[in-house]
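The residues making up each chain are set out below.
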Amino acid sequence: MPRVETMARKALILLGPPGAGKGTQGRKLMAHLGYPSISTGDVLRAEIEKQSDLGRAARKLMEAGELVPDDLVDEIVEARLTNEDSRRGFILDGYPRTIAQAEFFEKLATREGIDTLAIGIIVDDEVLVDRLSRRWNCARCGKIYNADSNPGREPVRCDECGTPLTQRRDDRPEVVRERLQVYHQTTQPLIDFYQRRGLFLKVDGEGSVDGIFHSIVEILNGEGKNRTASK
Ligand code: AMP
């Protein structure tokens with residue numbers, strides 16, 4: 001009888017400070033792997049737009065650069081993962097962001113038989129403040145532009161769907177500094193959390209978008225063969 005290969009469902013966590021390129025790389029990886037990229041920040045911004053209860057609960061915190069409560073994002077992710085499109089695997093952009101979220105996700109992954117790998121995108125703080133002040137977003141399709149390194153063909157409109165580009169309220173330098181502080185205090189410890197479990201690999205996030213993408217793909221290709229490569 002032919003052997004039937006059963007591939008475990010994969011979770012690829014993109015871990016890194018705001019502006020490290022998680023959203024941009026998540027979108028590229030989505031096209032490459034055929035998995036959805038799930039951004040808790042995008043889901044929350046859509047809820048704010050809809051003026052839902054969740055959006056109302058999240059808005060003030062997001063505008064101040066603070067995190068929204070763990071149970072809200074845990075629920076978003078758990079519900080999103082029941083969607084058929086994540087059956088083979090999925091990319092997480094901006095989740096987990098606290099140890100409590102990582103513990104919640106670890107239980108969920110164990111229960112659902114999900115294999116987790118966290119990839120840290122490492123970028124210096126000064127580069128991030130500068131990068132985020134030049135970031136433009138398409139609110140419709142989610143494409144992210146940078147005025148210097150990744151300008152669209154048509155800078156004021158999205159070159160994929162034609163929507164006028166906007167800047168996020170929380171990309172103002174004073175809010176970015178708060179977000180970076182929250183990152184260092186609350187999210188950076190996740191590197192250690194995943195490192196101790198042998199589930200963490202890192203890339204240098206200061207090169208070109210394509211260069212960083214290739215580094216991540218190389219990691220994913222080599223990962224099965226040599227998990228300890230650059231831990
Ligand atoms: P992002 O788009 O990932 O930069 O997230 C924007 C904002 O959404 C963050 O500054 C938080 O206020 C909120 N947010 C997104 N994901 C999470 C999360 N996993 N935990 C708590 N807050 C989050």
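The structure contained in this document is the topic of the report that follows.

1. Focus on the sheet that holds strand 7 (residues 200-204)
So, step 1. Spatial strand order, 2-3-1-4-7: five strands in an open sheet with parallel pairing. This sheet does not close on itself; its edge strands, each paired only once, are strand 2 (37-39) and strand 7. Strand after strand, the sheet turns through a mean of 25 degrees between neighbouring axes, direction not considered.
So, step 2. Sheet topology places strand 2 next to strand 3 (residues 89-93); three bridges connect them, and they run parallel. Bridge pairing in strand 3 links I38 to L92.

2. Considering the pattern of salt bridges
It is possible for side chains bearing opposite charge to pair when their charged atoms get close.
So, step 1. Within the structure shown, the criterion is met by 21 salt bridges.
So, step 2. As a salt-bridge pair, K28 and D210 come within 3.0 Å of each other at their nearest N and O atoms. Taken together, the residues K28 in helix 1 (residues 22-33) and D210 in helix 9 (residues 209-223) connect sequence positions 182 residues apart.
So, step 3. Judged by relative accessible area, K28 falls into the partly exposed class, the value being 27%.
So, step 4. The salt bridge involving D171 is made with R135; its shortest N-O contact spans 2.9 Å. Residue D171 is located in the loop between strand 6 (144-146) and helix 7 (173-187), and its partner R135 is located in strand 5 (residues 135-137); the two are separated by 36 residues in the primary sequence. The two residues D171 and R135 agree in class, both being buried.
So, step 5. Three or more residues are tied together by salt bridges with common partners; here these are R135, R168, D170, D171 and R179.

3. Quick look at the side chain of S52
So, step 1. Note on placement: S52 falls in the loop between helix 2 (40-50) and helix 3 (53-63).
So, step 2. A relative accessible area of 18% places S52 in the buried class.
So, step 3. One polar contact links the side chain of S52 to the main-chain amide nitrogen of G55, over a distance of 3.0 Å.

Cut-offs used in this document
- Residues numbered from 1 in each chain as written.
- Predicted model: local features only at pLDDT ≥ 70, side-chain atom pairs only at ≥ 80, totals over all residues.
- Heavy atoms only, no water.
- Pairing = 2+ DSSP bridges.
- Helix = DSSP H or I, 4+ residues; strand = E, 2+ residues; numbered from the N terminus.
- Axes fitted to C-alpha atoms, helices over the stretch in contact; angles between N-to-C directions.
- Salt bridge = Lys/Arg side-chain N within 4 Å of Asp/Glu carboxyl O.
- Buried < 20%, exposed > 50% of the residue type's maximum accessible area, 1.4 Å probe, protein only.
- Polar contact = N/O pair within 3.5 Å; in protein donor to acceptor, adjacent residues only side chain to side chain.

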